Number of protein chains: 2
Amino acid sequence: MSVTMFNFIGGDRGAWRVAEMRIVCGASLAAVAAVEIVPGNLVVEPSGVGWILRGATSNHRYTTRAEKNALNHRQAGLSRPPATCAALIPIRKSAAWWELAQDERREILETRSKHIEIGLKYLPEIARRLHHSRDFGEEFDFLTWFEYAPADARKFEELVCALRETEEWHYVEREIDVRLARDKF
Amino acid sequence: MSVTMFNFIGGDRGAWRVAEMRIVCGASLAAVAAVEIVPGNLVVEPSGVGWILRGATSNHRYTTRAEKNALNHRQAGLSRPPATCAALIPIRKSAAWWELAQDERREILETRSKHIEIGLKYLPEIARRLHHSRDFGEEFDFLTWFEYAPADARKFEELVCALRETEEWHYVEREIDVRLARDKF
């Protein structure tokens, strides 16, 4: 899995317009009208924007070979023409989560919370990309990005509700749910 | 485990002078006389230096609770007055390693290569700090840093030799071994 940095720039302009922004828990994030996604390191930081959230795709931290094969088999790529709905959900987990050992985090994330199994149920309709931010000293640990067709909006609600009810989510101390839409590609 | 960025600046000046620099495998790194370690993000990159390697401390990726407790119980901190010897060993692993799933990497790293168990045998004499670099798009994946007293230099040789003989090391495609010394603190 190769590493690519992505910048999510919230401001007045961007390919994705903000349909709704909800503070799930923790400190708020400035309201913006649109989000632009820019890969790579920004040579110059744009001025006059509300926020820039950075994260990098990286190797999976918890997925077993069997789970990875199932994900690879079922998942769809981003930028599918019918997928004009998206969600950007930045998440920060507590210090208690990060103090856990690898086996304890895996136990909570999958054995008890079924995080990977739940996500698999919604493939290929809900396409996803996970960005890691914590090691950059960012204010969130992860930026999760989802794309889906308007007809699958209810399925997406089910997915996020199911995850928020898990034991893993007890460790989420900040979460913003930004829903977006774009014109057809 | 909190995240802190560190910059290893190789150049003419620094608290640690280079005693020896050896290319273990892969592309070389410019020869320098000294290394200075600077925490945090560099506001201005110093000019006229040989190289700057960046990495962040982060949560452990493989350690179980039992192993983490054993490490915490035995390990010593950095900057102990008698520990005037150090090694900076930047490592890059192959794409094949990063394509493995979490359970496959754990199996190779610990079950078959005993990476954590080997390190434990040399505590508290050999103090260590691991820095993650891969997600920053750096040329190395990890920067490993070790400190020990001159009297423990042979033990340190045993440790690095034992690790280099493991199956895990088949996935190391670039490794530089920089040995350093400093005056008493």
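Structure: see above.
Residues numbered from 1 in each chain as written. Chains lettered and ligands numbered in written order. Predicted model: local features only at pLDDT ≥ 70, side-chain atom pairs only at ≥ 80, totals over all residues. Heavy atoms only, no water.

Re the interface of chain A and chain B
- Across the boundary between the two partners, chain A contributes 25 residues, which contact 25 residues of chain B.
- Counting the surface lost from both chain A and chain B, the interface buries some 2,200 Å², and carbon and sulfur atoms represent 38% of this.
- Remark: the boundary between chain A and chain B carries six salt bridges.
- In this structure, A:Lys68 and B:Glu99 form a salt bridge, with 3.8 Å as the shortest nitrogen-oxygen distance.
- On the surface where chain A and chain B come into contact, there are 16 residue pairs in polar contact (both at pLDDT 80 or more).
- Listed by contribution, the elements that provide at least two residues to the side of chain A that touches chain B are helix 1 (65-74), helix 2 (95-99) and helix 3 (102-112) of chain A.
- Here the element with the most residues in the side of chain A that touches chain B is helix 3 of chain A; it accounts for four residues.
- Along the lines of polarity and charge, the residues of the side of chain A that touches chain B split into eight nonpolar, eight polar and nine charged. (Contact = heavy atoms within 4.5 Å. Buried area = accessible area lost by both parts, 1.4 Å probe. Salt bridge = Lys/Arg side-chain N within 4 Å of Asp/Glu carboxyl O. Polar contact = N/O pair within 3.5 Å; in protein donor to acceptor, adjacent residues only side chain to side chain. Helix = DSSP H or I, 4+ residues; strand = E, 2+ residues; numbered from the N terminus. Nonpolar A, V, L, I, M, F, W, Y, C, P; charged D, E, K, R; others polar.)

Thoughts on the pattern of salt bridges
Residue and element names in this part refer to chain A.
- Scanning the model with the defined rule gives 34 salt bridges over all chains in all.
- Here Arg174 and Glu139 are joined by a salt bridge, their closest N and O atoms 2.8 Å apart. Separated by 35 residues along the polypeptide, Arg174 in strand 8 (residues 172-181) and Glu139 in the loop between strand 6 (127-132) and strand 7 (142-148) bring together distant segments of the chain.
- Here Arg174 falls in the buried class, since its relative accessible area comes to 9%.
- Bridged by salt links that share partners, the residues Glu157, Arg164, Glu175, Asp177 and Arg179 form one connected network. (Buried < 20%, exposed > 50% of the residue type's maximum accessible area, 1.4 Å probe, protein only.)

A word on helix 1 (residues 65-74) of chain B
- Those residues of helix 1 of chain B lying buried are B:Glu67, B:Lys68 and B:Leu71. With its buried residues spanning 100 degrees around the axis, helix 1 of chain B presents them on a single face. Among the exposed residues of helix 1 of chain B, those pointing more than 90 degrees away from its buried face are B:Ala66 and B:His73.
- Each element contacted by the buried residues of helix 1 of chain B is listed here: helix 2 of chain A together with helix 3 (102-112), helix 4 (115-121) and strand 6 (127-132) of chain B. (Arc of directions from axis to C-beta.)

As for the packing of aromatic side chains
Residues and elements named next belong to chain A.
- Taken as a whole and assessed by the stated rule, the structure comprises 13 aromatic pairs over all chains.
- Where Phe8 meets Trp145, the ring centres are 5.7 Å apart and the plane angle is 40 degrees; that geometry is what we call tilted. Within this pair, whereas Phe8 is found in strand 1 (residues 5-11), its partner Trp145 is found in strand 7, the two being separated by 137 residues in sequence. When sorted by exposure, Phe8 lands in the same class as Trp145, which is buried. (Phe/Tyr/Trp six-rings, centres within 6.5 Å; stacked < 30°, edge-to-face > 60°.)

Let's talk about the relation of the copies chain A and chain B
- Superposing chain A onto chain B takes a rotation of 180 degrees plus a shift of 0.0 Å along the axis, which leaves an RMSD of 0.0 Å. Accordingly, the operation relating the two chain copies is best matched by a two-fold axis.
- Most of the interface of chain A is mirrored in chain B, where 100% of its interface residues are also at the interface. (Least-squares fit on C-alpha atoms with pLDDT ≥ 70 in both.)

Description of the environment of B:Asp152
Residue and element names in this part refer to chain B.
- Note that Asp152 resides in the loop between strand 7 (142-148) and helix 5 (153-164).
- Residues Asp152 and Phe6, 146 residues apart in the sequence, show an inter-C-alpha distance of 25 Å.
- The contact partners of Asp152, leaving out residues within four places of it in the chain, are Glu125 and Ile126.

As for the side chain of A:Thr84
- By the secondary structure assignment, A:Thr84 is in the loop between helix 1 and strand 5 (85-93).
- If we ignore the near neighbours within four places in the chain, the residues touching A:Thr84 are A:Trp16, A:Tyr148, A:Ala149, A:Pro150, A:Leu180, A:Ala181, A:Arg182, A:Asp183 and A:Lys184.

Thoughts on the pairing of strand 1 of chain A
All names here are of chain A.
- Taken across its seven residues, strand 1 has seven buried, putting it largely inside the fold.
- The alternating pattern of strand 1 places Met5, Asn7, Ile9 and Gly11 and Phe6, Phe8 and Gly10 on opposite faces, both of which are buried.
- The pairing of strand 1 with strand 4 (residues 51-56) spans six bridges and is classified as antiparallel. Each residue of the ladder has a partner; that of Phe8, found in strand 4, is Leu53.
- Both strand 1 and strand 3 (residues 34-39) contribute to a ladder of six bridges, which runs antiparallel. From the neighbouring strand, Phe6 faces strand 3, where its bridge partner is Pro39. (Pairing = 2+ DSSP bridges.)

Concerning the environment of A:Glu117
- Mapped onto the elements of the fold, A:Glu117 is located in helix 4 (residues 115-121).
- In this structure the C-alpha to C-alpha distance between A:Glu117 and A:Glu67, which are 50 residues apart in sequence, comes to 8.3 Å.

Quick look at the side chain of B:Glu175
Residues and elements named next belong to chain B.
- Mapped onto the fold, Glu175 is located in strand 8 (residues 172-181).
- Reaching out from Glu175, the side chain makes a polar contact with the side chain of Trp169 at a distance of 2.9 Å.
- Beyond its immediate chain neighbours, meaning those up to four positions away, Glu175 contacts Arg22, Ile23, Val24, Cys25, Ile89, Pro90, Ile91, Arg164 and Trp169.

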